[in-house]
Amino acid sequence: MLVMNFFVIFLCFVTGKPDPDQVQAVGKKANKALKKKYTSTGSYVQMLPMVDDSKRHIMDIYTKLCLDELVDKSGKIQHKKINSYEEIFHFQTREGYPIKRIVVSGSAGIGKTTLIDKIAYDWAMGNSETLNKFKLVFAFKMHSLQQSSNLEDAIFSEKLLTKDCVDQSALKEFVDKNQDKVLILLDGFDEFKFDPLDTSSFGSILNILNRKLGPECCVVITSRPPLDKLVNKSLVEKPYAHVRVEGFSDTDKEEYVNKFFHDDHVKASKLTEQIKQSETLSDLAKSPMLLLLMCLLMGSTENTLPDTMTRLYNKALNYIFKRKTRDIKDDAISKILISIGKVALGSLLSKDQSFAFREGDFEKSALDAAINAGVLTSERVIDGLETYQRVTFIHHTFLEYCAAMYWQSLINTKEFDIILDQIELPASPYVSRYHYLLRFCCGDNVACTNHILQKVHQGRNLELVVICYFESQSQELPPANVISSILTDRLILHSWNNDSTNAFFHFVNQVAAISRGNDYFTKAECLYVHDFNFPRFGEDLAKSIKLLTNLQSLALTYSSLTVDNTNQILSSLESPSTLTELNLTESILLGGSVSSLAPQLMKLMPLKRLYLAGCSLEAQDMSPIAESMGDTLVNLDVSWSEDLGECASIWGPELGKMECLQEIHLQDCSVQGTDIEPIAVALSGVSTLVILDLGSNPRLGGCAEMWAQHLKGMRHLEEVNLGRCKLINKDIEPIAESVSDMPNLIHLNLQDNDALGGLALLWAQHLKKMNHLKALTLMDCNLTGVDMEPIAESVSDMPNLIDLDLSNNDPLSDCASFWAPHLKLMTKHLKRLRMWRGMKSRWTDEDKQHINASIGLDSPILELSSQPHKTPQLFGQYLASSAEITLINRTSNWSFLPMNT
């Protein structure tokens, strides 16, 4: 044994290689030293760029990030959610081999560096089973590396290990012998200082990255986009994994804030709630860096964030500058921001919008101050034979803020208006690349705001108008024409987010408080509020409604109303009320509770139209409706109330008390055959009733012989909807028999009854009995080519039929040669034949040829698409002269409309 040991030592001496026992010992020493490094000084994270005293322990601040794996499948990038960063160490090729090169990308401040620090910390602490397989983990900041950097040299130069701790050659030998147990973390490739990539000058770090050395080592490298200088044949080639850091989810944000304010739960809760209530803050808080700034501002002010974006960023930038240079004055900061903002605005307005700058683009003193504070970052870049410092803003919103500060400085100059003319305004304020620029420019500056509002309101971008005015915090009225563009006869808040809604009520309150002798609110006749946050803005809405003294139509749809909210809103209406239409569709669950609204409803005496679709009414709710407004109601919609089914004997008689009723909508109410008799008996005495909507009640299908006869008593009906009722062929005869006794019936809707398809030979003959019918809807009935002949034959014997809808019957596609000849019979009396097609089954050229041969594609009655090709004025003239077709067009789309428009 002694001889063998001596031989090994002698061999190592001759070859210059370390003793194997020494190599293993060095591995153990390095493991211990690295773990000590990552759990001591290496466990503290730099929170803000260039601010040395902003370090926090990683476990006090780290919060899980949202990660996506970007997978290239057949040239299309697909996103695959990653639940834990540990998953990146389990990626495999399709052949099952582990993928050992992982690229992690993400924007500035999104959390890439902290992720790298957390991986190193978890390995050192033994917190991860996945990481335990690695004996050594080396974490480098790439801004301190060169192309020629060797792994062992960098380890010692970056003070991950010291030479008195481990032997360099033994460490190299350990890495070479244990590649699969080595993890290398490279943070910030976008900050890497390199000449034009020259593989001949690569040191071992880049050669490990491109697999020429250490192919079995695992390497994770982070970078901001773009990645073309990293992902190429010189550095990272396939197979590699690409993971994108998306920032914080809503849950992550809350966790981060709670960690930051671990000893002040009140402040944490207040900030979390403030972020949740603002879509703008929620979006910004996805970035760990911006969420950190919110936390810092919350901790250094009066326990709240500023109301406007401008004031938030003003405080943030003042905080950043004064953390680094405590005696700097506010006006000095402003001058610096305006100076660098000139460059920022130029990039925003340019076509290519490049946001990477050179030092020479900026005035030097402003540049130095901004870099020193950390608002700008500078990194050395070598492009060809040229070397320069690339300058970027720490976040895009800081670039937009500075650009706006410079733009503000140009007010009352021609240049200000020239810039304004270059800005294109979108339909929605939140998709504009100039959204933040406009908001910031309006911030606390009335003159700039009035200039911008004059342009924005012309584009009818009403959300952006009120947001810009809110940002200004002006105590003056906006221009009169701007006010009139918002406070029109129809006020519509359709799916406005919390920020826009808050800005709207600020606008309304300001106009109400400041305007004198000019009542802008009397014009409003309609208020339509859709998808509204009643818990937050219900009181604001009630106050605003009080201002609308001529309100006739109020729609509060698809929101979260309570009975108390509703009573508050109704009590705010002018007395005596001018309201004629109330729409609460899908906003409140009223099952068994309508009686609690009855006192308020009784005050709305002129009310004619009441929409309670989706409010889940029950049998006992019909009585208070009939008693409170039975004398005036002309339109009642209680659709989507399943509890009304099987008990019409209880609530049906209440319908008879509504003496003025013209329309009753009972869609999807679980109505069955036995319910029709009490409904029909009650409504037969209501001579004003013209529309009966029984659509989407599938339990009516297959038993029409039981209930159809009861419809005969309602001889005054003009329109009946039996669409989506699962009717079958044997239902048509009893329906046709009853309908034939309704002399006033204009329109029968049998839409979307699939079982009728392929069987028209059995049921179409009964259509002839409806010889007074003017419109018939058979769209979406799964009609086939064999159905067209019997339908055409019956239609030809219906002398009053002028409108036939055969749209969206997919089986008719690709077989027009079989059925098109029968179209001639249909056109005997028709004025309008609709055969629209869906996107999935458009008419083929061959179909059109056969249709053309039969009746001609230019036929004035034929519509093959929802945008008819025929001359609009001819069709329009026909509608104008035909009252019954006007009614058909108004009511033939049985999907519920929130309000009459």
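This section reports on the structure supplied with the text.

In terms of regular secondary structure, the protein is built from 36 helices and 26 strands. Relative to its full complement of 901 residues, the protein shows a buried share of 54%. The contacts in the protein between residues at least 6 apart in sequence include a share of 79% that link residues at least 24 apart. Here the protein has roughly 39300 Å² of accessible surface; of this, 50% comes from carbon and sulfur atoms.

Attention now goes to the state of the cysteines. In this structure the tally under the stated criterion is 0 disulfides. The thiol of C448 is unpaired, and the distance to the nearest cysteine sulfur, on C441, comes to 4.2 Å. Residue C448 is classed as buried on the basis of its relative accessible area of 0%.

A few words on the layout of surface pockets. Once rolled over the atoms, a probe with the size of a water molecule shows which space is left empty. Of the pockets and cavities examined, the second largest pocket occupies roughly 920 Å³. In terms of lining, the second largest pocket is formed by 34 residues, of which the most central are S107, A108, R224, P225 and P226. Of all the secondary structure elements, the ones that give two or more residues to the lining of the second largest pocket are helix 10 (279-284), strand 11 (376-383), strand 12 (386-393) and helix 15 (396-408). Partitioning the lining of the second largest pocket into residue classes produces 18 nonpolar, 7 polar and 9 charged.

In this section: the packing of helix 9 (residues 265-276) against helix 11 (residues 288-300). Interaxial distance between helix 9 and helix 11 falls to 11 Å at its minimum, and their mutual angle equals 130°. Of the possible angle classes, the one that applies to helix 9 and helix 11 is oblique. For the pair helix 9 and helix 11, the crossing hand works out as right-handed. Where helix 9 abuts helix 11, its residues K267, K270, L271, Q274 and I275 lie against L291, M294, C295, M298 and G299. The class makeup of the residues in the contact of helix 9 with helix 11 is 6 nonpolar, 2 polar and 2 charged.

To continue, consider empty space enclosed by the protein. Inspection of the entire model under this criterion finds 3 cavities of 30 Å³ or more. Quantified by volume, the largest cavity comes out at close to 70 Å³. Every residue along the wall of the largest cavity is listed here: L284, L290, L293, M294, L297, L312, Y313, A316 and F398. A per-element tally of the lining of the largest cavity places helix 11 first, with 4 residues. Along the lines of polarity and charge, the residues of the lining of the largest cavity split into 9 nonpolar, no polar and no charged. In this model, the second largest cavity occupies a volume close to 60 Å³. Counting residues per element, the ones that place at least two in the lining of the second largest cavity are helix 21 (498-514) and helix 22 (534-547). Ranked by the residues each element gives to the lining of the second largest cavity, the list is headed by helix 21, at 3 residues.

On to unusual backbone geometry. Residue P239 is bonded to the preceding K238 through a cis peptide linkage, with omega at 5°. Mapped onto the elements, P239 comes out in the loop between strand 8 (218-223) and strand 9 (241-247). Here the phi dihedral of K159 falls at roughly 60°; this positive angle occurs in a residue that is not glycine. Examined against the element boundaries, K159 turns out to sit in the loop between helix 5 (151-157) and helix 6 (168-177).

This brings us to the nonpolar core. F138, W407, I625, W707, M826, L833 and M835 are the most contacted members of the largest nonpolar core, which totals 286 residues. The residues contacting F138, other than those within four sequence positions of it, are L34, Y38, L151, I155, L160, L161, L171, V175, V182, L183, I184 and L185.

This part is about the pattern of salt bridges. Applying the stated criterion across every chain yields a total of 30 salt bridges. Linking K141 and D187 is a salt bridge whose minimum nitrogen-to-oxygen distance equals 3.6 Å. Pair noted here: K141 is in strand 6 (residues 136-141) and D187 is in strand 7 (residues 182-187), with a separation of 46 residues, a long-range link. The exposure class of K141 is partly exposed, given its relative accessible area of 32%. Overall, D187 belongs to the buried group, its relative accessible area being 7%. Between E863 and R832 there is a salt bridge, with its nearest N and O atoms 3.2 Å apart. Separated by 31 residues along the polypeptide, E863 in strand 26 (residues 862-863) and R832 in strand 25 (residues 832-834) bring together distant segments of the chain.

Packed helices, taken two at a time, are described by the angle between their axes plus the distance between the axes. Taken N-terminus to C-terminus, the directions of helix 23 (residues 563-571) and helix 24 (residues 594-603) make an angle of 5°; their axes are 10 Å apart at the nearest point. What the angle tells us is that helix 23 and helix 24 run roughly parallel. Residues V563, T566, N567, L570 and S571 of helix 23 form the contact with helix 24, whose participating residues are S596, L597, Q600 and L601.

Moving on, we come to the packing of aromatic side chains. The full count for this structure, using the stated rule, is 21 aromatic pairs. Judged by centre distance (5.9 Å) and plane angle (90°), the rings of W496 and F504 are edge-to-face. Across this residue pair, the class does not change: W496 and F504 are buried. Among the aromatic residues, those joined into a ring-pair cluster are W496, F504, F505, F532, F534 and F537. Residue placement shows K163 over the ring face of F156; its charged tip is 6.0 Å from the ring centre. Residue placement shows R837 over the ring face of W843; its charged tip is 4.4 Å from the ring centre.

The next point concerns the pairing of strand 8. Within strand 8, 6 of the 6 residues are buried, which leaves the element mostly enclosed by the surrounding structure. Side-chain alternation along strand 8 places C218, V220 and T222 on one buried face and V219, I221 and S223 on a second face that is also buried. Note that strand 5 (residues 101-105) and strand 8 share 5 bridges and pair parallel. In the sheet register, R101 faces strand 8, and the bridge partner there is V219. Where strand 7 and strand 8 come together, 4 bridges link them in parallel fashion. If you follow I184 over to strand 8, its bridge partner there is V219.

Calculation notes
- Residues numbered from 1 in each chain as written.
- Predicted model: local features only at pLDDT ≥ 70, side-chain atom pairs only at ≥ 80, totals over all residues.
- Heavy atoms only, no water.
- Helix = DSSP H or I, 4+ residues; strand = E, 2+ residues; numbered from the N terminus.
- Buried < 20%, exposed > 50% of the residue type's maximum accessible area, 1.4 Å probe, protein only.
- Contact = heavy atoms within 4.5 Å.
- Areas by Shrake-Rupley, 256 points an atom, 1.4 Å probe, with all protein chains shown as cover.
- Disulfide = S-S within 2.5 Å.
- 1 Å grid on protein atoms, 1.4 Å probe; cavity = no way out; pocket = protein on both sides within 12 Å on 5 of 7 lines; lining within 4 Å.
- Points joined across faces, edges and corners; volume = space filled by probe spheres on them.
- Nonpolar A, V, L, I, M, F, W, Y, C, P; charged D, E, K, R; others polar.
- Axes fitted to C-alpha atoms, helices over the stretch in contact; angles between N-to-C directions.
- Parallel < 35°, antiparallel > 145°, perpendicular 65-115°, else oblique.
- Left-handed = near helix turned anticlockwise from the far one by under 90°.
- Core = buried A, V, L, I, M, F, W, Y, C linked by side-chain atoms within 4.5 Å.
- Salt bridge = Lys/Arg side-chain N within 4 Å of Asp/Glu carboxyl O.
- Phe/Tyr/Trp six-rings, centres within 6.5 Å; stacked < 30°, edge-to-face > 60°.
- Lys NZ or Arg CZ within 6 Å of the ring centre and 35° of its normal.
- Pairing = 2+ DSSP bridges.

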